[in-house]
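Working through the structure, step by step
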Amino acid sequence: MRLSSVAVLGGGPGGLYAARLMKLRRPECAVTVYEQSPPSGTFGFGVGLATATQRHLEKADPVSLRAIVADAWRHEMSMSVGDVTVTLPAGDLIAIGRARLLEILRDQALAAGVEIHDGTRVSAEELDADLVIAADGVNSATRERFGAELGVRVDRHDSLYLWCGTDFALPRAVFRPEVTGHGTFVAHAYPYQRDRSTFLVETDPGTWRRAGFDATTDRTAPDQSDETALDHLSDVFADTLRGHRLIGNRTRWLRFRTVTCETWHHGNVVLLGDAAHTAHYSIGSGTKLAMESGIALVEALDAGPDLESALTAYETARRPAVEHLQDTARRSMRWWDEFPERLDLPVEQLLIAYMTRAGKVSLERLARDAPAVVAAGLARYDGGPVERLPDDVVGWVLDRPLDAGGQHWPTRAVPCGGLHESEKVTALDAGTTRESALAAFDAAERVRRTGRLVGVRVPDGLRGLAAEALAGGRVDLVELV
Ligand SMILES: Cc1cc2nc3c(=O)[nH]c(=O)nc-3n(C[C@H](O)[C@H](O)[C@H](O)COP(=O)(O)OP(=O)(O)OC[C@H]3O[C@@H](n4cnc5c(N)ncnc54)[C@H](O)[C@@H]3O)c2cc1C
């Protein structure tokens, strides 16, 4: 299909990357980006790009990926509770400052021949082009304008987060809860350049109000930072910050919004990136989603005989991956919402629970990548040292005995038909799918927190998930059926 002009509304990572790919693929097409802010007008700190994302970007455009990686900061991951820190060995996790990423993507788009109009706020309707890509972010006016046609749904979550930074590179990414007189604040922080780290803090609405942050949020103008919150949290996280303070950049408490749309296109307008779909920041995938959607869109445009069928093909190809990631993000978001209630779990086990929380990383894979971490977690699970990880780590977890509530079970995977509801034990059914099993383990964990023992009946084909739930302290017993 021929396109003589493409207008891209929004110069974030999604818009700039799609514009470059489009121009590289279709040199004859005029590709123009309209960005409302001046080139240096972006705000925010670092964003992370995981290994799989780097693979996808490499395949689509190795030149721009090389430029990104050259300026990115590699880090390992850790979790700290109290005095105990557990560290995962470095994979290929990288982070880059959002401003630097945009600079690179801009240069790359310009080098490909894209035209960029900065400081130009436009609406989709006033753009005269064969195709309009609306990459205008989470507050997309285009999505609002075509809300009815696109079947838009925006879910606002209760928890609050504050995206700030600090002026030194943390030694590694860290997840750290701090319990204060008001409640618990959790930091998700990672370094992204020699003298900067992203420092995201989240909390529940009760803690937020008790700390007086409802009032400071009201007092903070949109172009200012909530200095009171930054000051208070600099003290709360003083140990992690090693004497440095938190810095803001239009930093204020926000509630995350999950955006979904029944369709992403209407006429010649297609939504891209955060405008079309968001995924909770705890899986660090917003930039990835926006850039990968750009890859899929540009590829689909080659395939269709006309614009409507090409845009439909784009959705058919892209939607499963986006929805899968949004499901994972929802589970991750709930896991973090309930995180303060898990703080009695040893941190070694918490890290296993964290890594396997959303069903994305299996216990077997974690055992391969980080044997020492898994051995330490399993030692806490089993109540004795684990010198060497068993070859069949899943079988080993299922076969551990349990003594609890005055009862003894020779193995935590009870024989088929052996799990019964009783005075002390709640028995739940996991259903037949991965999703229903993960939901059952979520429910089991909540019941378990009331002090009851919980068992879940799980299809034998999901024994890996069952082992993760046991090792992560989400359930006491399983019955494989
Ligand atoms: C707290 C937090 C932490 C995050 N951490 C990560 C992370 O670790 N890793 C990660 O990958 N992602 C992360 N993200 C998400 C990431 O920042 C976004 O998902 C990503 O930037 C989406 O890219 P985009 O191009 O779709 O939209 P945006 O980056 O929002 O870009 C949209 C652009 O459109 C412009 N625009 C809007 N309206 C108009 C208009 N009418 N005319 C012209 N221009 C317009 C805006 O100025 C903006 O530049 C995080 C987000 C948050 C909130």
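Structure: see above.
Worth saying up front: this structure is predicted, and the values here are computed from it rather than measured.

Digging into the overall build of the protein chain
Tallying secondary structure elements over the protein chain gives 18 helices and 23 strands in all. For 481 residues, the compact-globule estimate of 2.2 N^0.38 gives 23 Å, and the protein chain sits close to it at 24 Å. Dimensions of the protein chain along its principal axes, counting C-alpha atoms only, are 75 × 55 × 40 Å. Relative to its 481 residues, the protein chain shows a buried fraction of 56%. Between the centroid of the 54 positive side chains of the protein chain and the centroid of its 67 negative side chains there is a distance of 1 Å.

Let's talk about the sheet that holds strand β22 (residues 453-458)
With respect to topology, four strands assemble into an open sheet ordered β20-β23-β22-β21, the strand pairing being parallel. Of all strands in the sheet, those with a lone pairing partner are β20 (413-414) and β21 (425-429), marking the two edges. With four bridges connecting them, β22 and strand β23 (residues 477-480) associate as parallel partners. Along β23, the bridge assignment pairs V456 with V478. On the sheet, helix α17 (residues 434-448) packs against β21, β22 and β23 and is oriented at approximately 165° with respect to β22.

Comments concerning the site of the ligand
Taken together, the neighbourhood of the ligand is formed by 32 residues, with G14, E35, R98, D274 and T287 sitting nearest. One nitrogen or oxygen atom from the side chain of R121 is found 3.4 Å from a nitrogen atom belonging to the ligand. Measuring from an oxygen atom of the ligand, one finds a backbone N or O atom of D274 at 2.9 Å. Against a free-state accessible area of 1,000 Å², the protein chains account for coverage of 89% of the ligand. Of all the secondary structure elements, the ones that give two or more residues to the shell around the ligand are α1 (13-25), β3 (46-49), β10 (152-166) and α11 (286-303). Residue contributions to the shell around the ligand peak at four residues, all from α11.

Here we look at the packing of α17 against helix α18 (residues 463-471)
Running from N to C, α17 and α18 point in directions that differ by 15°, and their axes come no closer than 11 Å. As judged from the angle between their axes, α17 and α18 are roughly parallel. Here the hand of the crossing between α17 and α18 comes out right-handed. Of α18, the residues touching α17 (which contributes R434, A437, L438 and F441) are L465, A466 and A469. Residues belonging to the contact of α17 with α18 are distributed by class as follows: six nonpolar, no polar and one charged.

So, the side chain of S197
Following the sequence through the fold, S197 ends up in strand β13 (residues 196-203). At 2.9 Å, the side chain of S197 and the backbone nitrogen of L170 are in polar contact. Look past the residues within four positions of S197 in its chain and what remains in contact with it is C164, G165, T166, F168, A169, L170, Y190, P191 and Y192.

How each quantity is defined
- Throughout this document, residue positions are counted from 1 along each chain, in the order its sequence is written.
- Only residues with pLDDT of 70 or above have their local features reported here, since the model is predicted, and side-chain atom pairs are shown and tallied only from 80 upward, although totals for entire chains, interfaces and linings are computed over all residues.
- With hydrogens and water excluded, all non-hydrogen atoms of the structure serve as input to the side-chain values.
- Strands are runs of DSSP state E lasting at least two residues, helices are runs of H or I lasting at least four, and both sets are numbered from the N terminus onward.
- Atoms counted for the radius of gyration: C-alpha only. Globule rule: 2.2 Å times residue count to the power 0.38.
- Residue exposure (1.4 Å probe, protein chains only): buried if accessible area is under 20% of the type maximum, exposed if over 50%, otherwise partly exposed.
- Charged-residue counts in this description rest on Lys and Arg as positive and Asp and Glu as negative, His and the chain ends being excluded.
- Lys charges are placed at NZ, Arg charges at CZ, Asp charges at CG and Glu charges at CD.
- Paired strands, as defined in this entry, are two strands with at least two bridges between them according to DSSP.
- We call two residues in contact whenever any of their non-hydrogen atoms come within 4.5 Å of each other.
- Inter-axis angles, ranging from 0 to 180 degrees, are taken between N-to-C directions of lines fitted to C-alpha atoms, where helices are fitted over the stretch in contact.
- When we say a residue is near a molecule or strand, we mean one of its heavy atoms is within 4 Å of it.
- Polar contacts, as counted here, are pairs of nitrogen or oxygen atoms within 3.5 Å of one another; within protein the pair requires one atom able to donate a hydrogen and one able to accept it, and residues that are adjacent in sequence qualify only if both atoms are side-chain atoms.
- Method for areas: the Shrake-Rupley scheme with a 1.4 Å probe, in which residue coverage is limited to the protein chains shown.
- Angular relationships are summarised with four words: roughly parallel below 35 degrees, roughly antiparallel beyond 145, roughly perpendicular across 65 to 115, and oblique for the angles in between.
- Put simply, a crossing is left-handed when the front helix is turned counterclockwise from the back one by less than a right angle, and right-handed when it is turned clockwise.
- The classification used treats Ala, Val, Leu, Ile, Met, Phe, Trp, Tyr, Cys and Pro as nonpolar, Asp, Glu, Lys and Arg as charged, and all other residues, Gly among them, as polar.

Honestly, it's all geometry; don't read function into it.
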